[in-house]
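Structure assessment
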Amino acid sequence: CGPRRFSVWCKPIATTNAVATVLKRAIAVLPQGKLGDAARICRLILAKRPQDFGALHLSGVIKCKQSDNQAGARLISAALEIKPYSMEALLNYALCLRNLNRPTEAISVFDRALAAKTQQAEIRIQALFERAFLLAKLGRAQEAIAVFDHVFAPNTTHLDSRVERGVRSGQLHYENAAVRDIG
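Everything in this summary refers to the structure shown in the same document. (Residues numbered from 1 in each chain as written. Predicted model: local features only at pLDDT ≥ 70, side-chain atom pairs only at ≥ 80, totals over all residues. Heavy atoms only, no water.)

1. Comments concerning the state of the cysteines
Our working definition: The definition used for a disulfide is geometric: two cysteine sulfur atoms within 2.5 Å. Strands are runs of DSSP state E lasting at least two residues, helices are runs of H or I lasting at least four, and both sets are numbered from the N terminus onward. Residue exposure (1.4 Å probe, protein chains only): buried if accessible area is under 20% of the type maximum, exposed if over 50%, otherwise partly exposed.
Tallied over the full model, the rule gives one disulfide. One disulfide in the model links Cys64 with Cys96; its S-S distance is 2.1 Å. Because the torsion about its S-S bond is 95°, the bridge between Cys64 and Cys96 counts as right-handed. Highlighted residues: Cys64 in helix H3 (residues 53–65) and Cys96 in helix H5 (residues 87–99), separated in sequence by 32 residues. According to the relative accessible area criterion, Cys64 is buried, its value standing at 15%.

2. Notes on the pattern of salt bridges
Pairing between side chains becomes possible if they bear opposite charge and their charged atoms approach one another. Convention followed: Salt bridges are defined by distance alone: a side-chain nitrogen of Lys or Arg within 4 Å of a carboxyl oxygen of Asp or Glu.
Within this structure, the stated rule accounts for five salt bridges. Of the charged contacts, one joins Arg98 and Glu130 as a salt bridge, the two residues approaching to 2.6 Å between their closest N and O atoms. Here Arg98 is found in helix H5, whereas its partner Glu130 is found in helix H7 (residues 121–137), with 32 residues between them in sequence. Residue Arg98 is classed as partly exposed on the basis of its relative accessible area of 25%. Classification of Glu130 by relative accessible area gives buried; the value is 13%. As a salt-bridge pair, Arg131 and Asp111 come within 2.4 Å of each other at their nearest N and O atoms. Here Arg131 is found in helix H7, whereas its partner Asp111 is found in helix H6 (residues 103–115), with 20 residues between them in sequence. Here Arg131 falls in the buried class, since its relative accessible area comes to 16%. Accessibility expressed as a relative area gives 31% for Asp111, which makes it partly exposed.

Rendered as structure tokens:
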């Protein structure tokens with residue numbers, strides 16, 4: 001059933017707890033750069049449970065990390081069919097769309113993520129920042145600045161957002177605001 005280190009993963013997956021345990025192993029090897037190992041674990045889960053949200057979502061994230069954004073978007077979209085309000089999956093789907101140079105669709109998905117009932121602060125901030133960045137990329141700088149204003153108060157220490165807002169303010173010829181934000 002493959003290398004010894006995978007022997008436990010080759011056993012039949014019968015319970016939700018077993019799937020969660022195996023999926024945690026896949027997640028655990030990601031920081032070590034073992035995308036192939038994580039993908040193999042996901043494939044094993046999906047062979048037994050083709051509609052497993054976690055395995056579909058993680059498989060999509062892995063594909064995106066491997067620069068196969070088309071496959072990643074397809075897999076995360078399938079996961080979203082199961083849990084359409086998963087903020088993490090919506091964020092990752094939007095990031096795939098962004099990478100596929102589909103900014104308008106990505107903004108729409110970021111909006112769905114921001115409307116999700118369970119809003120984790122870190123994910124919410126990333127979704128807002130990415131949304132504002134795409135708005136600016138589409139030449140909608142005033143909308144981007146409004147997002148930065150909404151999320152990041154003028155006294156924020158979030159340097160990336162202050163610099164980005166300052167750059168967008170400068171594009172709109174709000175030099176004083178740009179200097180304040182960047183400086």
